[in-house]
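Each chain is listed here by its residues.
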Amino acid sequence: MASSSMHQLSFTRHPLLPRDSRLQPRLQFSSVRFPSFSVRASSALAVEPDTGTQKDQTLEVEIFSCPICYEPLLRRGPSGLNLEAVYRSGFKCKNCNKSYSSKNNFLDLTLTAGLRDYVEVKPARTELFRSPLVSFLYERGWRQNFNRSGFPGQDEEFKMAQEYFKPAEGGLLVDVSCGSGLFSRKFAKSGTYSGVIALDYSENMLRQCYDFIKQDDAVLNANLALVRADVSRLPFSSGSVDAVHAGAALHCWPSPSNAIAEITRVLRSGGVFVGTTFLRYTPSTPWIILPFRQRTSQNYSYLTAEEIEDLCTSCGLTNYTRKIQQSFIMFSAQKP
Ligand SMILES: C[S@@+](CC[C@H](N)C(=O)[O-])C[C@H]1O[C@@H](n2cnc3c(N)ncnc32)[C@H](O)[C@@H]1O
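Values in this document were obtained by computation on a predicted structure and should not be read as measured data. (Residues numbered from 1 in each chain as written. Predicted model: local features only at pLDDT ≥ 70, side-chain atom pairs only at ≥ 80, totals over all residues. Heavy atoms only, no water.)

Of note in this structure, asparagine 104 is not a glycine but carries a positive phi near 55°. Here asparagine 104 shows up in the loop between strand S9 (102–103) and strand S10 (106–108). Positioned with a positive phi, glutamine 326 is a non-glycine residue whose angle comes to about 50°. Within the secondary structure layout, glutamine 326 lies in the loop between strand S16 (318–325) and strand S17 (328–334). (Helix = DSSP H or I, 4+ residues; strand = E, 2+ residues; numbered from the N terminus.)

Okay, structure coming up:
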């Protein structure tokens, strides 16, 4: 049971909505009272108001959880994982008494969401991708350049990932560190999953993501949500996610060990993690240059294939497999 306060504060029109839409209000929590709830289910938790006062409102405890305490958030607004429903909803953690809402076109679920004074600065390998220029260039040449290091190209990578994700078909997929959303859009369009969450720390990547989504009606109407979050603090309850994809991301994370532990936490039993990254050494790296490829001398956190396996297994993931081509590795592991 829970009770809380709620108030309609802002009425920003979502760019996807028509000008005269009756669905414009973006709800934020502050002073009108929530009714009490009874929770009925455990994953996409439906919440039924106990009082008769707001019977026409949909109130849900969400797949989204509080990044502070990991309790499912309460949602005020339309249910669903599509862009419009998430944009028009306000979210609140009843434990932490903190509210979350969409800024621009994504839902901000970072620990720093809504802070006025404190600004978090991450390592350069994370900050680089927050730049508007890098976000703009990412799918306009930057990503394609990875092929020179052995990445097989987006279509092939997508096909390979889909193979690994077979045990997670029909479930919820989180594309962690989605960048401009090149794979999130493919996962959403494939119809393989009940929902896809494109998640990144970079506001500008998420804006770019939205710009690409807008250009394709099939993606725009899919169950695809845009969320800002830190991979080391994923806003989902433990065991609530079926599949986690992390394309070309591990080397950009501030702490690969925190990230993989967190991915393991949110995966359900049987859930699948698939990642790609650049390796520190390729099978053909001459021994003479190995000392120059030490982690300490690099901006990015390039690991070896053995280190990645070590991290996954030490977090309790099993069935580790990998495919390597030059510096490219795609690995997969499963939550037992
Ligand atoms: C090289 S891009 C990969 C984009 C895309 N997944 C792909 O396959 O091309 C790496 C992404 O990791 C994101 N990233 C870096 N640090 C992160 C963090 N702490 N939490 C979530 N995402 C992060 C960056 O913002 C960037 O979009």
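Attention now goes to the sheet that holds strand S12 (residues 195–200). The nine strands lie next to each other as S9-S10-S13-S12-S11-S14-S15-S17-S16, forming an open sheet whose pairing is mixed. Where the open sheet ends on each side, the last strands, each with one partner, are S9 and S16. Both S16 and S17 contribute to a ladder of six bridges, which runs antiparallel. In the sheet register, threonine 321 faces S17, and the bridge partner there is serine 332. Docked against the sheet, helix H6 (residues 203–214) engages S10, S12 and strand S13 (224–228), running at close to 165° with respect to S13. (Pairing = 2+ DSSP bridges. Contact = heavy atoms within 4.5 Å. Axes fitted to C-alpha atoms, helices over the stretch in contact; angles between N-to-C directions.)

Turning next to the environment of glycine 247. If you trace the backbone, glycine 247 turns up in the loop between strand S14 (241–246) and helix H8 (256–266). Note on glycine 247: relative accessible area 14%, which makes it buried. The sequence separation of glycine 247 and glycine 179 amounts to 68 residues, and the corresponding C-alpha distance is 8.8 Å. If sequence neighbours within four positions are ignored, glycine 247 has contacts with Val176, Ser177 and Thr276. (Buried < 20%, exposed > 50% of the residue type's maximum accessible area, 1.4 Å probe, protein only.)

This brings us to the packing of aromatic side chains. Remark: the centre distance and the inter-plane angle together describe each pair of aromatic rings, the angle taken between the planes. With the rule as written, the count across this model stands at 17 aromatic pairs. On the numbers, 5.7 Å between centres and 85° between planes, the contact of phenylalanine 64 with phenylalanine 91 is edge-to-face. Note that phenylalanine 64 is positioned in strand S5 (residues 59–65) and phenylalanine 91 in strand S7 (residues 90–93), a separation of 27 residues in sequence. Summarising the burial analysis for this pair, phenylalanine 64 and phenylalanine 91 share the class buried. A cation sits over an aromatic face here: lysine 186 above phenylalanine 158, 5.9 Å from the ring centre. (Phe/Tyr/Trp six-rings, centres within 6.5 Å; stacked < 30°, edge-to-face > 60°. Lys NZ or Arg CZ within 6 Å of the ring centre and 35° of its normal.)

Structurally, the position occupied by arginine 228 is in strand S13. Under the relative-accessibility criterion, arginine 228 is labelled buried at 4%. Side-chain polar atoms of arginine 228 contact the backbone oxygen of tyrosine 201, separated by 2.6 Å. At 3.5 Å, the side chain of arginine 228 forms a polar contact with the side chain of glutamate 203. In this view, arginine 228 contacts Phe106, Leu107, Asp108, Leu109, Thr110, Arg130, Asp200, Tyr201, Glu203 and Leu206; residues no more than four positions away in its chain are not counted. (Polar contact = N/O pair within 3.5 Å; in protein donor to acceptor, adjacent residues only side chain to side chain.)

Glancing now at the site of the ligand. Around the ligand there are 21 residues in total, and Tyr138, Arg143, Ser177, Asp200 and Gly247 lie nearest to it. The separation between an oxygen atom of the ligand and a polar side-chain atom of arginine 143 is 2.6 Å. Within the complex, the protein chains bury 100% of what would otherwise be the 600 Å² of accessible surface of the ligand. Of the residues contributing to the shell around the ligand, the split by class is 13 nonpolar, five polar and three charged. (Near = heavy atom within 4 Å. Areas by Shrake-Rupley, 256 points an atom, 1.4 Å probe, with all protein chains shown as cover. Nonpolar A, V, L, I, M, F, W, Y, C, P; charged D, E, K, R; others polar.)

For the structure shown, the criterion picks out 19 salt bridges. Glutamate 127 is the salt-bridge partner of arginine 130, the closest N and O atoms lying 3.2 Å from each other. With a relative accessible area of 22%, glutamate 127 lands in the partly exposed category. When the shortest N-O distance is used, the salt bridge between arginine 322 and glutamate 306 registers 4.0 Å. Of this pair, arginine 322 sits in strand S16 while glutamate 306 sits in helix H9 (residues 305–314), and the two are 16 residues apart along the sequence. Residue classification places arginine 322 among the partly exposed residues on the basis of a relative accessible area of 37%. Within the structure, one salt-bridge network assembled from shared partners comprises Lys103, Asp108, Glu127, Arg130, Glu203 and Arg228. (Salt bridge = Lys/Arg side-chain N within 4 Å of Asp/Glu carboxyl O.)

What follows is about the packing of helix H3 (residues 132–142) against H6. Orientation of H3 relative to H6, taken along the N-to-C sense of each, is 45°, at an axis distance of 8 Å. In terms of orientation, H3 lies oblique with respect to H6. Of the two possible hands of crossing, H3 and H6 adopt the one that is right-handed. Residue-level contacts link Pro132, Val134, Ser135, Phe136, Tyr138, Glu139 and Arg140 of H3 to Asn204, Met205, Gln208 and Phe212 of H6. Within the contact of H3 with H6, the residues separate by chemical class into six nonpolar, three polar and two charged. (Parallel < 35°, antiparallel > 145°, perpendicular 65-115°, else oblique. Left-handed = near helix turned anticlockwise from the far one by under 90°.)

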